[in-house]
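Here's the letter readout for the chains.
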Amino acid sequence: MPPKLQEIVKLFQSVQEPKAKYEQLLFYGKNLKPLETQFKTKDNKVEGCVSQVWVRAYLDSDNNVVFEADSDSVLTKGLAALLVNGLSGRPVNEVIRVSPDFAVLLGLQQSLTPSRNNGFLNMLRLMQKKALQLAVEAEKGENSGLKMDGSVENGNFGSNSDLGVEETPVGVTNSGLKVDSRDGNVNVELDSEVGGERNRVQSSNSGGLGSRGTRIKEKLESELSPVAIEVEDISYQHAGHAGVRGSDGETHFNVKVVSKEFEGKSLVKRHRLVYGLLQEELQSGLHALSIVAKTPSEVNGS
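Since we're looking at a predicted model, the values are computed, not measured. Going along each chain's sequence as written, the residues are numbered from 1 onward. Local features in this predicted model are restricted to residues whose pLDDT is 70 or higher, and side-chain atom pairs enter the listing and the counts only when it is 80 or higher, whereas totals over whole chains, interfaces and linings include all residues. Where side-chain values are given, they derive from all heavy atoms of the structure, hydrogens and water being excluded.

(A) Broad picture of the overall build of the protein chain. In terms of regular secondary structure, the protein chain is built from 10 helices and 8 strands. The proportion of buried residues among the 302 residues of the protein chain is 46%. Any pair of residues with heavy atoms lying within 4.5 Å of one another is described as a contacting pair. Contacts in the protein chain between residues at least 24 apart in sequence constitute 67% of all its contacts with a sequence separation of at least 6. Under the convention used here, a 1.4 Å probe and the Shrake-Rupley method define accessible areas, while residue burial counts only the protein chains that appear. Carbon and sulfur atoms provide 46% of the accessible area of the protein chain, an area that totals close to 14700 Å². Secondary structure elements follow DSSP: runs of H or I of four or more residues count as helices, runs of E of two or more count as strands, with numbering from the N terminus. When accessible area is computed with a 1.4 Å probe and restricted to protein chains, residues below 20% of their type maximum are described as buried, those above 50% as exposed, and intermediate ones as partly exposed.

Here is the structure:
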C-alpha cells in the first residue's frame, strides 16, 4: 500500500466515532481541488456511483501517476479525495497492486450506504485501469495517441473486452489486470469483479497460523513482551477478494495484545506502535489488521 494511503488509513482508524469519520470525509471533499470542466468527460466518468464522479490521470516527469477527481456530491468528493491523495505521485505498479480490501480498514462501512461503498470501489478500479493504460502506452512509445485527460484514442474499458493477448508492462506483475494492445488499441479489464464469483479462491480456516501469522506473533512477542497475545487469521472470510488472489492467502488478521508497553499511550499511539512493528508485513501482502491493544491493568480492572 502506498505510504500516503497508509497514513490515511491510520488516520481513519484513529477516529472511533462513525460521525467523526463522516466529518473527516467531508473535510477531505471540501479540500479537493475542483476538476476543470474540460475533463468531465464520459471517458473519465465513474460508472455505478450514486453521484456523478470523474477521474483524470496522467504521468508526471518521473513517470508516476497523478490523479485528479471531482464530484457533484461533497460526500462522494471526499471518497474521491482519499484515493487522489493516497495514490497520486506513485509508480503505476504500486497503484494497480492496491487491493480493494483496504477500504475495509477505513471503517467507513457504517457511515456509507452499500451503493456508495460500491461506488468507492468503482473509483479505485477506474483509477487502476487508467494507470495501467498509461503504462502500456508509455512502454509502447505511442504517446501520440495519449490524451491529456489520461484516456487513449480508441481505448475500450468495457467488462467484455476481447482479451486475446496478455501483455505485462515492465514492473507490473500480479495486478489482476489483463491488457490487449492489438491493432493500436488498448483494452483493459480487471480479472474479476470485486467480491465476484469468477476465479474465487477456495480457502478454509484451519485454526492454525501460517508463515505470516507466525511471523506476526513472534514479532509482537519479541518487541512487546505481552502477558497475553492472540493472533487470528481471518483471511478465509475474504477469499473472493482481489487482494487474496496471487498471494499466500494470509492477508487479514485480528490481533489482541495485552502488554505493559502500552502503559501511558493513547489508543492511537498503541495502534501506531503495532503498525510500526509490522510494517514489513503491511508492505508485503498484509491487507487488513484489526487491533485490540490493552494494558494489564485495563484487563484486570475490567
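(B) Summary view of the sheet that holds strand β8 (residues 288-294). Within the open sheet, the 3 strands sit side by side as β6-β7-β8. Their pairing is mixed. Strands at the two margins of the open sheet, each flanked by one partner only, are β6 (228-233) and β8. The sheet shows a mean angle of 10 degrees between the axes of neighbouring strands, taken without regard to direction. Note that strand β7 (residues 252-258) and β8 share 7 bridges and pair parallel. In this scheme, strands are said to pair when DSSP sees at least two bridges between them. Inter-axis angles, ranging from 0 to 180 degrees, are taken between N-to-C directions of lines fitted to C-alpha atoms, where helices are fitted over the stretch in contact.

(C) Broad picture of the packing of aromatic side chains. Under the pairing criterion, centres of Phe, Tyr and Trp rings, with the six-membered ring standing for Trp, must be within 6.5 Å; the plane angle then separates stacked pairs below 30 degrees from edge-to-face pairs above 60, leaving the rest tilted. In this structure the tally under the stated criterion is 1 aromatic pair. We call a charge positioned above a ring when the Lys NZ or Arg CZ atom is no farther than 6 Å from the ring centre and deviates by at most 35 degrees from the ring normal. Over the face of the ring belonging to Phe39 we find Arg56, whose NZ or CZ atom lies 3.9 Å from the ring centre.

Scope: geometric values only; no functional claims are made or implied.
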